[in-house]
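Report on the structure
What follows is each chain in one-letter form.
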Amino acid sequence: MNTTGRLRHKEAKLPMSCDNPTDRGFPDPSTPGDTDRKVEWTILGYLLDSDPDRFTIPQVSRTMNAGETGFDSEDAVERAIRQLVGAGLLHCSDGFVLPTEAALYFWQLEE
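Scoring rules and cut-offs
- Residues numbered from 1 in each chain as written.
- Predicted model: local features only at pLDDT ≥ 70, side-chain atom pairs only at ≥ 80, totals over all residues.
- Heavy atoms only, no water.
- Helix = DSSP H or I, 4+ residues; strand = E, 2+ residues; numbered from the N terminus.
- Buried < 20%, exposed > 50% of the residue type's maximum accessible area, 1.4 Å probe, protein only.
- Contact = heavy atoms within 4.5 Å.
- Core = buried A, V, L, I, M, F, W, Y, C linked by side-chain atoms within 4.5 Å.
- Arc of directions from axis to C-beta.
- Axes fitted to C-alpha atoms, helices over the stretch in contact; angles between N-to-C directions.
- Parallel < 35°, antiparallel > 145°, perpendicular 65-115°, else oblique.
- Left-handed = near helix turned anticlockwise from the far one by under 90°.
- Nonpolar A, V, L, I, M, F, W, Y, C, P; charged D, E, K, R; others polar.
- Polar contact = N/O pair within 3.5 Å; in protein donor to acceptor, adjacent residues only side chain to side chain.
- Expected span 1.5 Å × (residues − 1).
- Salt bridge = Lys/Arg side-chain N within 4 Å of Asp/Glu carboxyl O.

Topic: the side chain of Thr100
You can see Thr100 is positioned in the loop between strand E3 (96–99) and helix H4 (101–110). Given a relative accessible area of 13%, Thr100 falls into the buried group. Not counting residues up to four positions away in its chain, the partners in contact with Thr100 are Gly88, Leu89, Leu90 and His91.

Thoughts on the nonpolar core
Counting 15 residues, the largest nonpolar core has Ile43, Leu44, Leu47, Leu48, Val60, Ile81 and Leu90 as the members making the most contacts within it. For this core, the elements supplying multiple residues, two or more each, are helix H1 (32–50), helix H3 (71–86) and H4. With residues up to four places along the chain from it excluded, the contact list for Leu90 reads Leu44, Leu47, Ile81, Leu84, Val85, Val97, Leu98, Pro99 and Thr100.

What to know about H4
Taken residue by residue, H4 has Ala103, Leu104 and Trp107 as its buried positions. The buried residues of H4 occupy one face: seen down the axis, they fall within an arc of 100°. Away from its buried face, by an angle of more than 90 degrees, H4 presents the exposed residues Glu101, Ala102, Tyr105, Gln108 and Leu109.

Here's the deal with the packing of helix H2 (residues 57–64) against H3
Put simply, H2 and H3 touch, their axes get as near as 9 Å, and they point 125° apart. Classified by the interaxial angle, the pair formed by H2 and H3 is oblique. Considering how the two elements wind past one another, H2 and H3 form a crossing that is right-handed. Of H3, the residues touching H2 (which contributes Ile57, Val60, Ser61 and Met64) are Glu74, Val77, Glu78 and Ile81. The residue makeup of the contact of H2 with H3, split by class, is five nonpolar, one polar and two charged.

Let's talk about the side chain of Asn65
Tracing the backbone shows Asn65 in the loop between H2 and H3. From its side chain, Asn65 meets the backbone oxygen of Ser73 in a polar contact 3.2 Å long. Among all residues touching Asn65, those that are not within four sequence positions of it are Ser73, Glu74 and Val77.

Remarks on H3
Between the first and last C-alpha of H3 there are 22 Å, a value that for 16 residues agrees with the 22 Å anticipated at 1.5 Å per step. Along H3, the residues that are buried comprise Ser73, Ala76, Val77, Ala80, Ile81 and Leu84. Within H3, the buried residues cover an arc of 125° as seen down the axis, which keeps them to one side. In this structure, H3 carries Phe71, Asp72, Arg82 and Gly86 as exposed residues pointing more than 90 degrees from its buried face.

Considering the pattern of salt bridges
Per the counting criterion, the structure on display carries two salt bridges. Arg79 is the salt-bridge partner of Asp36, the closest N and O atoms lying 2.9 Å from each other. Residue Asp36 is located in helix H1, and its partner Arg79 is located in helix H3; the two are separated by 43 residues in the primary sequence. The partner of Asp75 in a salt bridge is Arg79, with the nearest N and O atoms 2.5 Å apart. Highlighted residues: Asp75 and Arg79, both in helix H3, separated by four residues, approximately one helical turn. A single network of salt bridges, built from pairs that share partners, joins Asp36, Asp75 and Arg79.

Keep in mind these values describe shape, not function.
Shown next as structure tokens:
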């Protein structure tokens, strides 16, 4: 203990023979969260570039998943739209998915 009555903590330095002690291949650095963010960015960019055109969620899904079929790809689009709506970048109106004014303003700043 030191004079203030607190315990001191000292990190232990353990020797390692190499950076990869299990001798396994390094995993793919992309995570599901990274993939979700890429899908979100792609959908947002598509809708912002297409403004003022209006699309339904199934239309966006068909465009994003051209040639792909299956639950995973459709779910990724719906999940991304849900996240973007929650973040205030998209809104749904009369069955259509539209960018918000804030998203449009940001997109104009980026150009």
